[in-house]
Structures are given as structure tokens and as C-alpha cells.
Amino acid sequence: MVAAVSGHFPTSAGLAGIAYNRISVSYQVLARKYRPQKFSEVIGQEHVTRTLRNAIEQGRTAHGYIFSGHRGIGKTTVARLLAMALNCRSSDQPVAEPCGICDSCTEIRAGNSVDVIEIDAATNRGIDEIRELREATRYRPARDRFKIYILDEAHQITDAAFNALLKTLEEPPDHVVFMLATTQPEDIPQTIRSRCQHFNFRTVRFEEVLGQLRKIAERENIAAEEDALALLAEAGDGSMRDALSILDQAIPFASGRLTAETIRSLVGAVPSDVLEEVMQAVARNSSEEVLRRVDALLSEGHSPLHFARQLVRFLRNATVAKIAGADSSLLQISSDERRRVARVAELFTEEDLARQLQIMLRTHSELGYRPEQRFHLELGLLKMVHAQRLLPIEQLLSEAAAAPGAGGLSSPAKPVVLPDTRRTESSAAGSPFAADSARKGKLSAEPTPLPQPRPPAATSTAPVVMGSAAPAIAAISPEAEAPEEPTPASADLRQGVLDALESTGNRMLSSLLETGAWRLQGSELTIQVPSSAKVIEMALSAEAKRLMVGAASRTAGRSLTLKVVPGEAGRPLAPGRPSSNGGGGRSRVEQNPIVQRMKEKFGAEIRTVIDYREKR
Ligand SMILES: [Zn+2]
């Protein structure tokens, strides 16, 4: 039978009884104890719960739902609440808020309702299971209004099984409702998605998690330092469930009082003053001090991987603080931490920080499968110290801003003219002329007077040539990071926007947009994605849009507007990202004219090919 219940939920009536009568016979994990019992108690997903309640009130419920988003942010909880609302016996029709006390509500909550079947699609993903499920949908519910199937981890279902499911979704019996919960909605076939209402769950905001933790600590009579709760909220990283599960572990350690120290040692966190000190040493170019700090940390028992992850997060926050200011809502951290990242942001330029972040991201992802973690961590940190010296080559190769003299290094007197018309959307920060002429693909040989906000390059009357700054570094750089070959439509603009989304946790939106067609006309960036207008509306929050406009304008070096429009309905999505470390990426890089020129002129060799879309 397919009714295997997902691991998160209790199946035994006994445990459930304890859970909801609040009799502390045995310790019950907090996430379960404080699981929302009503839509109004769900934290941070008002856009979902409000829509669902309205739909129920107006009698417009669907037969298929997709709930997508990160783990631990309430997808299955909302699925269960919706199941309760649909089957609640307090009324003779679905109710906007479940009563919570009728047989149906209590059974669903306890996970033992006959008519609500929770399936872990990770283990029941095949055609046979789904066929069985299809067969079962032909029978009417045993007692309640609807027969409801909640498929957890739904993206794991095989293609053949999805096809079988599709037949049921095409002509669903009146009494059947499917709810698909998934962290990877892009892996669910478009044919299925188009027959479901799709709700994209947000990561829960820091303040919301913190507020809820405060309430729970109070209800549990736990005296907790505010710093301890802030650390918990940070460690949860947008997931209430993760934050609560750390709190669960912390309570036995806290003798009377929950301190920040307890939480820190529990999650293996490096005190953030140490992160700040490491970055100060980087700013001072002090390789030795960086190595000494790392040595001290590792001998205290911190893991290289964990430290790298924290430094990644710290750098990300410092970068955001630099760009958007320390009080930006893009920073989901405590006020203490805000001050700290703001101080570090002061030490570096935005480009420096982005580069440090990139180096640490890469170091972190490499650490996972390398035997000598410590050495790789140290190498990564040293690269950060040296990063300033790597500036020109990276700028050149990534075809980012090419303002003459950017970074303060002198460029060769004679600019190298690269007849590369594909760099259409590159722009020179600070130079509207450069941006304009580059956009039009006119690499004029006429001397163009340029406004020079920074120390000028050797020849200020040089023609506007993208990437002419200091190619000599190529010869000594082991970090020759070659970019993805640009597509006719603005590869780096696209990447700038996608990166901005990814680094702020908008991965779903990012992968949706990644499949789209990007066009730039005048100052309007249009992204056509193969989804319905409704999906776009749900996926594209006002905040994400602001973020995208900001990133696009920064990358282009001028102010852009943004439109995301639906594409052709039937066009299949291409999930998954092109692999870049393999031969394909390398050969494309080898064909890149800049790289070829580097090899010719300086005998540079390609060591590593990094796909900027895969730097996580
Ligand atoms: Zn009820």
C-alpha cells in the first residue's frame, strides 16, 4: 500500500495523544508541540494561508496543489491544515479555519485519518506505487468530504509515475485532492504543474523566527538570553523547524539559563568576533595572522567546513551591508551582527567583498569532499588575502566592469583591442559612454574622453576597450577563472541578477528565470519564462523584483527596468544546470577570444573552469 507516512510525523495514536493534550509524559520535540493548529498560526507564509482561506470561503478549491520552498518552513504543516479545513466536520462544507476538535481535524493532526493519506514520495516514487494510488482514488472517502493525498518530496516521483498521476489530475474525481510538497518544484513536469495551484513558501524572516522563539521560550519557562535566541534564529536559516530542533538540543545543556555560549558550542559556531578579526587580518594583508587565527580555531576543535560555511555567510552579509546598508531588510541577522558586518564592509570595496565571497564559496564547496580540509581552508583564506592583486584578471575575464584604472592598478599603455562584439551588455561602471558604446557593439577607434572617478589608466584618451586593464596579471594568476561564454543576450547581466537572487535565498525564482529568454531593449530588461502569469505573480515578490532591478542596474552600470512575462505554455523547462567542470565548459572557455588572447600573449594556461552559476 502506498500510505507510507513521511518520517516527520507521529503515526501512533499514543504519541499524538500526548502531543496535543500537552501532558508531559515524555519530552515532546518543540517543533511538533508548537506546530500551528490553524492557518492564522502559521509563521511567515501569510501569502499562502490568506489565499487558501479566501479560496475556501469562495468555494474555489482545487484538486491539485503544489507547495514548494525550502525544508522546514511549513509546507507539510499547511498541507495538513488545508486537509483539515477541507474535511472539517464543524460545518457541512469546507471551512476557512479548521475547528481543531472534530474527529476529522484531530485524526488528520495525529496523522491517522483514513481519508488523508501522506505519502513519502522519496520511497514511493515508482510507477507501481502511483498506479496503486490511482486505483485507490476511484473509491470514495471512507467518511470525510475528500480523499486527500499529501505527497511529500514530490519531485522524486519518476517520470513514468508522474505520467500515471497526470491521468488522474486531468480528470480528477470530485472527491480527490492532491497536495504535492517539494523543495524542487522545477523537477515536477510542467504538465503536472499546469494542473495544480502552485504556492511558493518563503523562508521565514529572521524577526519572525526570533519572535516565535521568544514566545516558545516563555511558554516553556526557559530563561533565554536574547543573544541566544538570535543565534538560534540565525542557525535556523529561515526554518522554524531547524531553529526549534537546535533549541530542543540546547535545553538539557542550559542549567537554568539558555546562554549564547551554549547555543554557539552546540552548533559549533565560531564566535562572530573571530570572523571579524579574520577579515580584519585579510584587509591588512596579513597572511600570517590569518593562519594563526585558523590554527587557534582548529585546535579548539572547530571544523574547517563549519568555519568556512560561517565565513561564507558572514561575507554574504557584509556584501549586502555594503550594497544595501547595514539596516537593510535583506540582512536576516541580529543587531549585534549587523554592526559587525557593517564594520567589515567598511574595510573593503563592494567588488572586494564579492570576490572574497566567491573565494570562500568555492573553498567551502571544495572542503566537502577533500581529505585535507585544513589545507584547503588555509589556501582559501590566503587567496582572500591575495585577492586584491587578482582583481584585474578576474575583472577582465568575467567581463565585468571595465572602467579604466578600476582597482587602482595601472593598465598597459597600449590597449588591446578585442574585436568581441558579443560582450554586448558589459558596461563600464562610472562611464556611461563606455556602457553605451559597448552596448551598441561599437568599439570605436576614436579617442573617447571619459569621466574618471578613479585614478585614471595610463592613457585616459584610450579607446573604450572592455577588459584592457592589466592583462599582465594573467601570467601569474593561478586563479584564471574563465567565465561562461556570453550568449548574445547579456550573459553577465543575466548572471548578475541570478547571483543576486541566489545569494539572497531566492533559488526557486532564480531557477525559474534561468530557463527564460532574456532581452534588453533600451533600458527595459524583459525576461520571458515558460510559466503562467499566475505562477510568475506568485514567484516574483515585490522584494525580489526590487532586488533584481538593483542587481541588473548595477551590472549594467545604468538604471534598468524589469518585466517578467509568461512564455509559450507548452514549452518544456530544462531543469538542471549545464555542467561546466567537464569538457564542454572547458572547450567553450578555450574558444573564448579573451582566453585565447591570454594564452597567446602571456602563455597563460587554463587551470580551472568555474561556472559562475554553480558556485554554491
Ligand atoms: Zn474540525
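Here the residue numbers are simple positions, counted from 1 along each chain's written sequence. With the structure being a predicted model, the display of local features is reserved for residues of pLDDT at least 70 and the display and counting of side-chain atom pairs for 80 or more, all residues being used for whole-chain, interface and lining totals.

**Observations regarding the pairing of strand S2 (residues 116-120)**
Among the five residues of S2, five are classified as buried, and the element is accordingly described as predominantly covered. In the sheet, S2 pairs with strand S3 (residues 147-152) via five bridges, with the strands oriented parallel. Looking at S3, one finds that Glu 118 is bridged to Ile 150. What joins S2 to S3 is helix H6 (residues 127-137), and the crossover it makes is right-handed. Here a residue counts as buried when 20 or more other C-beta atoms sit within 10 Å of its C-beta, as exposed when there are 12 or fewer, and as partly exposed otherwise, the C-beta atoms being derived from the backbone. Secondary structure elements follow DSSP: runs of H or I no shorter than four residues count as helices, runs of E no shorter than two count as strands, and numbering proceeds from the N terminus. When DSSP locates at least two bridges between a pair of strands, those strands are taken to pair. We call a crossover right-handed when, viewed with the strands running away from us, the connection from the first strand over the helix to the second turns clockwise.

**Some points on the sheet that holds strand S9 (residues 524-529)**
The strand order S8-S9-S10 describes an open sheet built from three strands, whose pairing is mixed. The strands lining the two open edges of the sheet, one partner per strand, are strand S8 (517-521) and strand S10 (561-566). Ignoring which end each strand starts from, the neighbouring axes of this sheet average 20° apart. In this sheet, S10 lies alongside S9 in parallel orientation, the contact comprising six bridges. Of the residues in S10, the one forming a bridge with Glu 524 is Thr 561. For every residue pair, C-beta atoms are placed from the backbone, and the pair is scored as a contact if these atoms sit within 7 Å. Structural elements are reduced to axes, namely lines fitted to C-alpha atoms, with helices fitted over the stretch in contact, and the angle between N-to-C directions of any two is expressed from 0 to 180 degrees. Where helix H23 (residues 542-556) meets the sheet, it contacts S9 and S10, and its direction lies at approximately 125° from that of S10.

**Considerations on the nonpolar core**
Of all hydrophobic cores here, the largest spans 113 residues; its most connected members are Ile 150, Leu 151, Met 179, Leu 180, Leu 213 and Leu 232. With nine residues, helix H15 (residues 304-324) is the largest single contributor of residues to this core. Residue contacts for Leu 232: discarding those within four places in its chain leaves Leu 213, Ala 243, Ile 246, Leu 247 and Ile 263. Nonpolar core, as used here: buried Ala, Val, Leu, Ile, Met, Phe, Trp, Tyr and Cys residues forming one set through C-beta atoms within 7 Å. Counting 24 residues, the second-largest nonpolar core is a separate cluster that includes Val 497, Leu 512, Ala 556 and Val 564.

**A look at the sheet that holds strand S4 (residues 176-182)**
Pairing is parallel in the open sheet, where five strands are placed in the order S2-S3-S4-S1-S5. In this open sheet, the two edge strands, each paired with only one partner strand, are S2 and strand S5 (197-200). The mean angle between the axes of side-by-side strands here comes to 15°, regardless of whether they run parallel or antiparallel. Two elements, strand S1 (residues 64-68) and S4, share five bridges in a ladder whose sense is parallel. Within S4, the position partnered with Gly 64 by the bridge is Phe 178.

**A look at the confidence of the model for the chain**
Should pLDDT be low for a region, the predicted coordinates there are not to be read in detail. Scored by pLDDT, the chain comes out at a mean of 76, with 71% of its residues at no less than 70. The predictor attaches a confidence to each residue, called pLDDT, with possible values from 0 through 100. Of the regions scoring below 50 in pLDDT, residues 400-486 engages in 194 contacts with residues more than four places distant in sequence or in other chains. Contacts for the low-pLDDT stretch residues 569-583, under 50 throughout, to residues beyond four places or in other chains number 19 contacts.

**Some thoughts on helix H14 (residues 287-299)**
Every α-helix winds through 3.6 residues per turn, so residues three or four apart in the chain are directed the same way. A helix's residues, less one, multiplied by 1.5 Å, set its expected span. Here H14 contains 13 residues, and its C-alpha end-to-end distance of 18 Å stays within 8% of the 18 Å for a straight helix at 1.5 Å per residue. Three or more residues of H14 are buried, namely Val 290, Arg 293 and Val 294. Looking down the long axis of H14, one finds its buried residues gathered within 95° of arc, a one-sided arrangement. What points out from H14, more than 90 degrees from its buried face, is the exposed set Glu 288, Arg 292, Asp 295, Ala 296 and Ser 299. Looking one or two places after H14, you find Gly 301, whose phi comes out positive at around 100°. The directions considered for the arc run from the helix axis to the C-beta atoms.

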